[in-house]
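Summary of the model geometry
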Amino acid sequence: MEVQKDARISAIDIAKHFGDKASGTLTPVLDGVSMNIQEGEFVVILGPSGCGKSTFLKILGGILPASSGKILIDGTDYGTQVPRELLKRFGFVFQNNNLLQWRTAAGNLKFMLETMRLKGEAWQGRVSEMLEVVGLQDYQDVYPHELSGGMRQRVGIARALVHDPDVLIMDQPMGALDAITRQMLTFELLDIWHKTQKTIIMVTNNVNEAIILGNRVFIFSQLPAKILQEIPIDIPFEERNHQVFSSPRFLELREKLNHHVRATLSLEEPA
Amino acid sequence: MKLSKKTITNILAPLVTFLLLFGFWEWAVSHYQLPKWLLPAPSGIIQSMVVNFNDFWPHILITFETVLIGFLIAVPVGILLATLITSNKIISAALSPFVIFLVTTPLVTLIPIMMLFMGFGQKVRIIGVVIQAFSIVNMNTVTGILNVPIIRHELMQTMGSNKFQSLRHMIYPTAIVDIFTGVRLSAIFATTACISAEYVAGNHGLGSQIIKYSQFLKTTESFACIFYVTIIGLFMYGFVAFLQKKVIYWKI
């Protein structure tokens, strides 16, 4: 795949394997995954569980090195590993909020700033600002165990935003939530994306979520993961609300995505 | 202060059991006319605890001191060693077997040999307490640190934190419950270790007195010393429980 010049992030031919050949534990996880992500885009990666989607996110965000391939950020080629200095440009949202339970909501955001050595009033101001973005301005001094699952995940999102990253990386951010909270948070996330104008890359296994949130949806295959399909979601932002579920375009897209997801599952032949 | 029903139950239930047990003991001793050297009545023991307090006091003090100093050395040593063991595979391979060796070897067997080098002083007993108490802190801290979820390490990685920051701000707080399990056990182990050391070494401390009194069939005094040991043990346990409440102020 070609590198697009104006892309914020380009991943070219990313492959990743764990273990090694010598001990016979070689497990290929990613096999030639390429994508170009534009600034301000909301990209969704959809695929069966355990297909290496999370591994791909970790490589993009610099937590893991790739085995081969290259990653470009704003046109600069960083090879297989995004360097540590660039971590500040990413914000991570984890599947189960991953908050520190000994710190308050605001304390968890401050922890991010402290660890990244971002000092000064402007940064401190962002703590309440970001909690306001996720609608938790009244819960600054509340400990995680006093919050509901959805609220905790919103604190997790606020934490990922507090150091003003360019890119949000979300690894099944709603995977641990109940169905109702999940749907509510999906629309809130859409709103947060609109307000903050961040580039977002999200992994999910939920087709509805993918359509409501994504500009483009990539469907990953079973291990070792390849991109099977890239599907643009052409529903305008204004129409992405609770009524969207009954719109014909939504249903059409859902059928299309479901079809492809089913196809990934049937690839798995019984041994 | 208004006590909740649960608090009353929690205080009342063990108190009633305690009274029943001691009542039965008291009754059995007088009913079967057991001689004092075989089994003294609780009332006699408590009386001895008060009457002979001046004889016991220096030994109580020295036992308490040995336990406390040993414990206070053992906890940081155990945590530090666990940190080293979990941070490096080679250190882990080099040290782990010896920690297990120290845990499984009964302390009493080591004391006479240690006395050859260091004499009968308090130092030997403190070292005995440290050996017994640090290993249990160490083992539990290792478990705690290894149980830190990968997702937490990834969180620190995304923040670009260094090893020291991770330890202080993430690993220790995450592992604190396991660490405290070790500390609580080590408080108990410290008391046990101290008494075993005193059984073997010298004539200071409650352990040595228990041996001395039972050799002269002064069972009442012997029991009085045992009760004081129990009180020291309970104090240590309570001290750690109090500390745990202060340190872990959040809900797990």
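**Considerations on the overall build of chain A**
A tally of regular secondary structure across chain A gives seven helices and 10 strands. Across its three principal axes, chain A shows a C-alpha extent of roughly 55 × 45 × 40 Å. A buried classification covers 42% of the 271 residues belonging to chain A. Taking the intrachain contacts of chain A between residues at least 6 apart in sequence as the baseline, contacts between residues at least 24 apart amount to 70%.

**Section: the overall build of chain B**
For chain B, the count of helices and strands is 10 helices and zero strands. Starting at the N terminus and ending at the C terminus, chain B contains elements arranged as α-α-α-α-α-α-α-α-α-α. Counting only residues that meet the buried cut, chain B has 35% of its 252 residues in that class. Within chain B, counting contacts between residues at least 6 apart in sequence, those at least 24 apart form 78% of the total.

**Comments concerning the sheet that holds strand 4 (residues 68–73) of chain A**
Residue and element names in this part refer to chain A. Taken together, the four strands give an open sheet; going across it, the order is 2-1-4-5, and neighbouring strands pair in antiparallel fashion. Edge positions in the sheet fall to strand 2 (27–37) and strand 5 (76–77), since each of these pairs with one other strand and no more. This element, helix 1 (residues 53–60), spans strand 1 (9–18), strand 2 and strand 4 of the sheet and lies at about 125° to strand 1.

**Some words on the interface of chain B and chain A**
At the interface, 15 residues of chain B touch 17 residues of chain A. Ranked by residues supplied to the side of chain B that touches chain A, first place goes to helix 7 (residues 150–158) of chain B with six residues. Considering only residue class, the side of chain B that touches chain A consists of six nonpolar, six polar and three charged.

**Some remarks on the pairing of strand 4 of chain A**
All names here are of chain A. Two elements, strand 1 and strand 4, share five bridges in a ladder whose sense is antiparallel. Bridging from a neighbouring strand, Ile9 pairs with Ile73 of strand 4. Looking at chain direction, strand 4 and strand 5 are connected through two bridges and run antiparallel. Residue pairing in the sheet places Leu72 in a bridge with Asp77 of strand 5. Linking two consecutive strands that pair antiparallel, namely strand 4 and strand 5, is a turn of two residues; a positive phi of about 50° is found at Asp74 within it.

**Considerations on the environment of A:Phe220**
Residues and elements named next belong to chain A. Relative to the elements of secondary structure, Phe220 occurs in strand 9 (residues 216–220). Assessed through the 24 C-beta atoms surrounding it within 10 Å, Phe220 is described here as buried. Sequence spacing of Phe220 and Thr27 is 193 residues, and the spatial spacing of their C-alpha atoms is 17 Å. In this structure, Phe220 is in contact with Ile45, Gly47, Cys51, Gly52, Lys53, Ala225, Ile227 and Leu228, ignoring residues within four places of it in sequence.

**Considering helix 4 (residues 149–161) of chain A**
Residue and element names in this part refer to chain A. Under the 1.5 Å per step criterion, the end-to-end length of helix 4 is 19 Å for 13 residues, consistent within 8% with the ideal 18 Å. When you tally the buried positions in helix 4, you get 11 out of 13 residues, the bulk of the element. Of the positions making up helix 4, those classed as buried are Met151, Arg152, Gln153, Arg154, Val155, Gly156, Ile157, Ala158, Arg159, Ala160 and Leu161. Where the residues of helix 4 are buried, they touch strand 6 (90–93), helix 2 (105–115), helix 3 (121–133), strand 7 (167–171) and helix 5 (179–196).

What counts and what doesn't
Residues numbered from 1 in each chain as written. Chains lettered and ligands numbered in written order. Predicted model: local features only at pLDDT ≥ 70, side-chain atom pairs only at ≥ 80, totals over all residues. Helix = DSSP H or I, 4+ residues; strand = E, 2+ residues; numbered from the N terminus. Buried ≥ 20, exposed ≤ 12 C-beta atoms within 10 Å, placed from the backbone. Contact = placed C-beta atoms within 7 Å. Pairing = 2+ DSSP bridges. Axes fitted to C-alpha atoms, helices over the stretch in contact; angles between N-to-C directions. Nonpolar A, V, L, I, M, F, W, Y, C, P; charged D, E, K, R; others polar. Expected span 1.5 Å × (residues − 1).

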